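# Observations on the three-dimensional arrangement
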Amino acid sequence: MKKLFGLLLFAGLILSLYAAPTNYTYNYDFWREQVASPDAYRVGAYILGDALGVGHFNDPQGLFIRDNRIYICDSGNNRIIRMVVRENGDHVVTDVVGSVMINGTASAFDYPMDIFENRNGDLYITDTRNNRILVLNHNWNFIHAIYKPDDESLEDFTDFLPSKLVVDFANRIFVQAMNVNKGLMEFDNRWEFSGYMGANRVSVNPADYLWKLISTQAQRERMDLFIPTEYSNVALDKDGFIYVTNATGQTDPVRRLNAMGQDILIRNGYVDPVGDLAVGNAGGIAGRSRFIDVVPFDNDSYACFDQTRGRVFMYDFQGNLLYAFGGRGNREGSFTQPVALDRMGYSLYALDSRVGALTRFDLTLYGALINRALNEYRAGRYESSAEVWEEVLKMNGNYDLAYIGIGRAALRQGDYQKAMRYYSLKHHREGYGKAFQLYRKQWTEENLWWILLLAGLAIFMPAAVRLSIKTIKEIKEA
């Protein structure tokens, strides 16, 4: 088996040398410098509405995948496309729906922006310009419609404009609505509005705050208000936790919310999950990354879609950047207006609203090895995880996370000296400190008798020496 895996690895290396890369793939090292890496993903399919036989996609805004079913909210055409992916990889359209029958009357969609299929197969649609959320069964038959709740907290908003939503395992609906900055709107399983959860933290510039304190009333009214920003997208992971993104660039661009709306995203990487660290003007594009969507994986890694530069950033469960790829442009693998991201297994699907195209990215051997190493670690198979990270290092000797992954596995196995060695190679201070602390404790426990013996000698030896000298002196005097 090991020989077979070695042959496959060698074949993958040969292919990676001669196959044209999808795009520049890179990571950041300890010194916050970009480091090129092998491709983790390559374009597997480039899907246009014309090729599917449904006509050009016009300003599509929403994308959702369940099993082998793909839903595209073709917002500009006021319709939703459902297609299936066959075993041979072909994408086949099964439904093109632009309206729903309500009480015997066809009610047309008006700029639907998102769709979600729950575990029962029911469909939830944000029919944005119709100011409603539609609940349909799997055959597109009407079940219920949710309109603007009669709640005093919404009195300031003239229109109810739901844009993005998810439905949890208890059939509670969490909605991001335009112009609502109190967090996600929550509806219970009876479709009743029950409040807000997970409001964005307010980001305050200290200089602006001090200036506002000394400003006149008229000046303060002209200044920006210190108010929370609204989310740009929402996703649900396998454990029922909600991931949200914020495309303003003013606060954490991605968060993971528990049932109380508290952010529990782990941020133990060299830097927080914020996308690009270099934010200068290049090619007419400037500014920090602005995440427009997020996709969680079953191994608790997650991919974020950057609206600013059209890149996909993949992070592990500790917040370490695994790799980044993509970019702005008109070639396959690049985007002009990224809007949505989802996955089918480990394949990623990315939606470009301006071009009206859906791109499928498939894992390379390099990307598959990284996922396998993470999966082995999460399953508690630390020795196997370290072995896979060793294979990753054969493909990319500059990959910091492989060293850290080996150190992390060694730490779990109790080999603290090995963990310290690998952590120190990549300046992982937190990991090294933990390994050193445990190694010191282990060494102390293993050498306790020697320590006690030396301590006893240190305490009693001076007294014994003095007693001996005194005894010898008395004998001589006698």
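Residues numbered from 1 in each chain as written. Predicted model: local features only at pLDDT ≥ 70, side-chain atom pairs only at ≥ 80, totals over all residues. Heavy atoms only, no water.

## Considerations on the packing of aromatic side chains
Formally: Ring pairs shown here join Phe, Tyr and Trp side chains whose ring centres sit within 6.5 Å, with only the six-membered ring taken for Trp; geometry is labelled stacked below 30 degrees between planes, edge-to-face above 60, and tilted in between. Under the scheme used here, helices are H or I runs from DSSP no shorter than 4 residues and strands are E runs no shorter than 2 residues, and both carry numbers assigned from the N terminus. Residue exposure (1.4 Å probe, protein chains only): buried if accessible area is under 20% of the type maximum, exposed if over 50%, otherwise partly exposed.
A full pass over the atoms with the stated rule returns 25 aromatic pairs. Ring geometry for Phe 305 versus Phe 335: centroids 5.0 Å apart, planes at 80°, classification edge-to-face. Pair noted here: Phe 305 is in strand 22 (residues 302–306) and Phe 335 is in the loop between strand 24 (321–326) and strand 25 (338–344), with a separation of 30 residues, a long-range link. Of the two residues, Phe 305 and Phe 335, neither departs from the other in class, the shared state being buried. Ring geometry for Trp 389 and Tyr 399: centres 6.2 Å apart, planes at 35°, overall tilted. With Trp 389 in helix 6 (residues 382–395) and Tyr 399 in the loop between helix 6 and helix 7 (400–413), this residue pair connects regions lying 10 residues apart in the sequence.

## As for the pairing of strand 21 (residues 291–296)
Test applied: Any two strands are treated as partners once DSSP identifies two or more bridges connecting them.
Burial within strand 21 is extensive, with six of its six residues counted as buried. Alignment of strand 21 against strand 22, held across five bridges, turns out to be antiparallel. Among the inter-strand pairings, Asp 293 is bridged to a residue of strand 22, identified as Phe 305. Connecting strand 21 to the antiparallel partner strand 22 that follows it, the hairpin turn spans five residues, and Asp 300 within it adopts a positive phi of roughly 70°.

## Digging into the nonpolar core
The criterion, for reference: For our purposes a nonpolar core is just a set of buried Ala, Val, Leu, Ile, Met, Phe, Trp, Tyr and Cys residues, chained together by side-chain atoms within 4.5 Å. What makes two residues a contact is simply this: any of their non-hydrogen atoms within 4.5 Å.
Counting residues in each nonpolar core, the largest one holds 44 residues, and the members touching the most others are Tyr 41, Leu 348, Ile 370, Trp 389 and Tyr 399. With seven residues, the single largest contributor to this core is helix 7. Contacts of Trp 389, omitting those with residues within four sequence positions, involve Ile 370, Ala 373, Leu 374, Tyr 399, Leu 401, Ala 402, Gly 405 and Ile 406. Residues Ile 102, Val 167, Met 185 and Met 197 belong to the second largest nonpolar core, which totals 41 residues.

## A short note on empty space enclosed by the protein
Counted only if it meets this: Using only the protein atoms, space was sampled on a 1 Å grid; points where a 1.4 Å probe fits but cannot get out form cavities, open sets with protein on both sides within 12 Å along at least five of seven lines form pockets, and lining residues are those with an atom within 4 Å of a point. Grid points are joined across faces, edges and corners, and a volume is the space filled by probe spheres set on the points. Residues were grouped as follows: Ala, Val, Leu, Ile, Met, Phe, Trp, Tyr, Cys and Pro as nonpolar; Asp, Glu, Lys and Arg as charged; and all remaining residues, including Gly, as polar.
Under the criterion given, the structure shown has four cavities of 30 Å³ or more. Here the lining of the largest cavity takes three residues from helix 7, the largest share from any one element. For the lining of the largest cavity, the per-class residue count stands at 13 nonpolar, eight polar and four charged. A volume near 40 Å³ is recorded for the second largest cavity. Tyr 46, Gly 329, Asn 330, Arg 331, Ser 334, Phe 335, Asp 352, Val 355 and Thr 359 are the residues that line the second largest cavity. The class makeup of the residues in the lining of the second largest cavity is three nonpolar, four polar and two charged.

## Looking at the packing of helix 8 (residues 416–425) against helix 9 (residues 429–446)
Counted only if it meets this: To define axes, lines are fitted to C-alpha atoms, for helices over the stretch in contact only, and angles between the resulting N-to-C directions are given on a 0 to 180 degree scale. Roughly parallel covers angles under 35 degrees, roughly antiparallel covers those over 145, roughly perpendicular covers 65 to 115, and oblique covers all other angles. A clockwise turn of the near helix away from the far one marks a right-handed crossing, whereas an anticlockwise turn of less than a right angle marks a left-handed crossing.
Running from N to C, helix 8 and helix 9 point in directions that differ by 155°, and their axes come no closer than 9 Å. By the criterion of interaxial angle, the relationship of helix 8 to helix 9 is roughly antiparallel. Helix 9 is crossed by helix 8, and the crossing has left-handed handedness. Every residue of helix 9 that contacts helix 8 at Tyr 416, Gln 417, Ala 419, Met 420, Tyr 423 and Ser 424 is listed here: Gly 431, Tyr 432, Ala 435, Phe 436, Leu 438, Tyr 439 and Gln 442. Residue composition of the contact of helix 8 with helix 9, grouped by class: nine nonpolar, four polar and no charged.

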